[in-house]
Amino acid sequence: ERRYDAVAAQERWQRYWEENDTFVAADDGEKERRYVLDMFPYPSGDLHMGHAEAFAMGDVIARFLRLQGYDVLHPIGWDSFGLPAENAAIKRNAHPAEWTYANIETQAGSFRRYGLSLDWTKRLHTSDPEYYRWTQWLFLRFFERGLAYRKASPVNWCPNDQTVLANEQVIDGHCERCGAEVTKRNLTQWYFKITDYVEDLLAGLDELSGNWPERVLTMQRNWIGKSAGAWVDFAVDGRSEPIRVFTTRPDTLYGATFMVLAPESALADELVTDDHRADFEAYLEKTKQASEIDRQSTEREKTGVFTGRYATNPVNGEQVPIWVADYVLADYGSGAVMAVPAHDQRDLDFARKFDLPVRRVVDTGDADPAETGVATTGDGAYVDSGTLDGLTDKSSGIEAIIAQLTAEGRGEPAVTYRLRDWLLSRQRFWGCPIPIIHCPEHGEVPVPDDQLPVELPDLRGADLAPKGTSPLAAATDWVNTTCPICGGPAKRDTDTMDTFVDSSWYFFRFTSPGYTDGPFDPEAVGRWMPIYQYVGGVEHAILHLLYMRFFTRVLHDMGMIDFTEPMQRLLNQGQVINQGKAMSKSLGNGVDLGKQIDEFGVDAVRLTVIFAGPPEDDIDWADVSPAGSLKFLNRAYRLATEVTSAPGSDPATGDQALRRVTHQTIAAVTEQITERKFNVSVARIMELVNAARKSLDANGGGDPAVREAAETVTVLLSLFTPYVTEEMWELLGHAPSVANATWPAADPALLVEDSVTCVVQIKGKVRAKLEVAPDVSPETLEQLALADANVQRALAGAEIRKVIVKAPKLVSIVPA
Ligand code: ANZ
């Protein structure tokens, strides 16, 4: 029994593909172009099962498009700056560069072995000076457009990594990378003004609907967090300016019985009276330790302090006490809220704790919140609400009160967003230096374009351990420079950029990685982009995708590209887990990709990953069988070894039943791959292998229909298992490579069913069912029906008045 030698095949075809540039995009205009991209990897360690899955999925699509006749760009590179590399380097006492580039080589070797149809000529690393030169160039363009700026503000601070984190990198109050609890610090930091693009980014999501997973669109919308309502002004005794609050429920204004300020807001500090200052200061200190998520949790016991001051409710003139509480955040709305305990749960919890009045102003039909402790938020009739009394639904209530407040000059319609500007500076070494020089005379001065890149100082042997200031500050020779404007002494900015900046534009550069006149060749981008298919984990659904969409829009507004969304389609593959749990060192349930490949071969591992389930679903390695995959591949391989007819022999002269299975499989698999139902298509190919086996055993290897089936199996399967199918293609007498084959077309004539069921009725009653050819003529069908024994019996010799024939499904007989 012949089996294929996985290791030999792997080595042989890797070499073949590279020597022959099999997967290098032609980019010559002969074929329509398609750009397929997998999210590029971090070089921390070797490839793991997660990469195995994601890249197998992307490769199916790239290979499919290529066989369908497209010129496919399927590049690979490394997101090689960043904390994981730096932390690992510190731990091992190595330079991040050495560690990073060594890992890149390891991963590159593994990617090669994994048999991906990658165009290696497009390779890039974000930590290469020729790459980050353009990251800096882009930063400066953003700076010129007012889209990069510095400001002092309380920022998320990871005490373990000793660095600032973007809001997006704080997960449930903890550092996304190391899990340490995040605290707040006041620092001057660089920001990208992504909020300028908030409406564009929202509108773009609507265009993507249908081609991006709905849940990703929802996550982005929620992250942007647009909310409509009103600004309402509350006058304060002894202060010329009123306090503005943002509310989504201005219609509940008559029920506002107190006001709450964020502890760290300037307003709180200003308003608190001397009597209450000590309590306030103590409370403020405590607030700094709480995470944003905790602060907003409805579960948490409410805390707060009274300021000693009162404000005036603008609609009823009532004096309401002003409190300070940490459930109000400083950087949302105005950092101040009107509290309506009857209709807002957090306000109600607070009111009950501190004995503040609860006044119901919307009668929703539920029991009084003052008694139940449950705030009511639905529609209902307004009560004790002045001009609103008589209205019965929120939208008219909100509209009416906004009109009234606007007319009186005490408020106006408002829209707010949760999205904040993107904090991009990091106090770390292994990142892209910010190309700004600080001059005592001229302030923030851009490094001139012709002096880019500002390369990282060597700092070899220096202590990179986090200290709260950037390690770059230690490189005094590097830091001390001259001002490009006046030539006077000046200092370089010592922060580096968030690595999300690097990954916000890499996909542009893949179209023209050697380009030296800009970050990318606009013509190459014009030819290849937008990306046809992007593949990657849902963990990047918010941050990375939002940032790359933002960059794309800025580049569009700079006139460098003519589209606004970078990718048409998005596929989020699931995770590979084991025994029902995410793989982890502590659980000891890790599955080593390298070992799996050593044991079963690349093809079997790839097939297993694809066959396990729909691409979006998690794969539990405990439930799958690479050994079973290997067995199937050997079965398919054996088929190819037993075909004896000559290439090009006419399948029409062979087993017609097998031909029908072959063409139905082609039709089904083509549709399934297009719909990303990869696992289902594997099952279909397995059935075809079985049918071909049967026919081969019955009719021999010389039957040309068996050849057709074996060739079809080879080409279809090559999307998943490149090595064994290369071997099969060769065995079948074809010149290499199967990657250059043509995706087979299903012959429509062979797709029709063998027979259909025809119903024969007499006086409307079903008397017989006939199996007939789908293209049976009405005359033949009538004869067949009348000759049927059951029909004869039912007619019992009666004369026939009329026969209605609707071929091929129905014959209706009307006796006289
Ligand atoms: C009064 C009110 C009555 C509210 C009511 C809600 C229900 P979204 O939808 O998330 O935008 N709010 C405003 N600024 C805040 C801040 N800085 N920190 C915490 N909460 C703040 O939420 C808007 C609502 O959240 C606002 O509407 C305000 O409470 C509160 F029956 O005002 B509302």
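Reading the values: the criteria
- Counting restarts for each chain, with residues numbered from 1 along the sequence as it is written.
- Owing to the predicted nature of the model, reporting of local features is limited to residues with pLDDT of at least 70; listing and counting of side-chain atom pairs is limited to 80 or more, with chain, interface and lining totals taken over all residues.
- Side-chain calculation: all heavy atoms of the structure are included, whereas hydrogens and water are not.
- UniProt positions are given in the numbering used here, feature names are shortened, and annotations may be inferred rather than shown by experiment.
- Secondary structure is summarised from DSSP: a helix means a run of H or I of at least four residues, a strand means a run of E of at least two, and numbering begins at the N terminus for each.
- Note on pairing: two strands pair once DSSP finds at least 2 bridges between them.
- Two residues form a contact once any of their heavy atoms are found within 4.5 Å.
- Angles here are taken between N-to-C directions and fall from 0 to 180 degrees, while the axes themselves are lines fitted to C-alpha atoms, restricted in helices to the stretch in contact.
- Any residue with at least one heavy atom within 4 Å of a molecule or strand is counted as near it.
- Distance and chemistry together define a polar contact, namely a pair of N or O atoms within 3.5 Å, with one atom able to donate a hydrogen and the other to accept it when in protein, and with adjacent residues in sequence counting only for side-chain atoms on both sides.
- Note that accessible areas follow from Shrake-Rupley with a 1.4 Å probe, and for residues the cover is restricted to the protein chains shown.
- Polar here means any residue outside two lists: the nonpolar Ala, Val, Leu, Ile, Met, Phe, Trp, Tyr, Cys and Pro, and the charged Asp, Glu, Lys and Arg; Gly therefore counts as polar.
- For a helix, the expected span equals 1.5 Å multiplied by the number of residues minus one.
- Exposed residues in this analysis have more than 50% of their type's maximum accessible area, buried residues have under 20%, and partly exposed residues fall in between, with area computed by a 1.4 Å probe over protein chains only.

If you check an unreviewed UniProt entry, the protein appears there as Leucine--tRNA ligase from Naumannella halotolerans. Here the protein is described in UniProt, under the heading Catalytic activity (unreviewed entry), as follows: "tRNA(Leu) + L-leucine + ATP = L-leucyl-tRNA(Leu) + AMP + diphosphate".

Caption draft 1: Layout of unusual backbone geometry. Residues Leu452 and Pro453 are joined by a peptide bond in cis, for which omega reads 0°. Inspection of the secondary structure puts Pro453 in the loop between β22 (443–446) and α14 (476–479). Of note, the amide linkage connecting Met529 to Pro530 takes the cis form, showing an omega dihedral of 0°. Structurally, Pro530 can be placed in the loop between α17 (522–528) and β26 (531–537).

Caption draft 2: Seen up close, the sheet that holds strand β19 (residues 422–423). Read across the open sheet, the four strands follow the order β6-β5-β9-β19; overall the sheet is antiparallel. Taken across any chain shown, the strands that pair with only one partner, and hence form the sheet edges, are β6 (163–165) and β19. With two bridges connecting them, strand β9 (residues 183–192) and β19 associate as antiparallel partners. Its bridge partner lying in β19, Tyr191 is registered against Leu423. Contacting β5 (148–158) and β9, helix α5 (residues 129–144) crosses the sheet at an angle of about 90° to β9.

Caption draft 3: Inspection of the site of the ligand at higher detail. Neighbouring the ligand are 18 residues; Ser227, Thr247, Leu329, Tyr332 and Arg418 lie closest to it. Side-chain polar atom of Thr247 to an oxygen atom of the ligand: 2.7 Å apart, as the coordinates give it. Thr248 is positioned with one of its backbone polar atoms (N or O) 3.0 Å from an oxygen atom of the ligand. Look at the ligand: alone it shows 640 Å² of surface, and the protein chains cover 86% of it. Those elements that provide at least two residues to the shell around the ligand are β11 (243–247) and β15 (336–339). Taken together, the residues of the shell around the ligand sort by class into eight nonpolar, seven polar and three charged.

Caption draft 4: Looking closely at the sheet that holds strand β30 (residues 619–620). Pairing in this open sheet of three strands is mixed, and the strands run β29-β28-β30 from one edge to the other. Two strands bound the open sheet, and with one partner strand each, they are β29 (581–582) and β30.

Caption draft 5: Quick peek at helix α21 (residues 626–642). In this model, α21 (17 residues) spans 25 Å end to end at C-alpha, consistent with the 24 Å of a helix rising 1.5 Å per residue. Among the residues of α21, Pro626, Ser629, Leu630, Phe632, Leu633, Asn634, Ala636, Tyr637, Arg638, Leu639 and Ala640 are the ones counted as buried.

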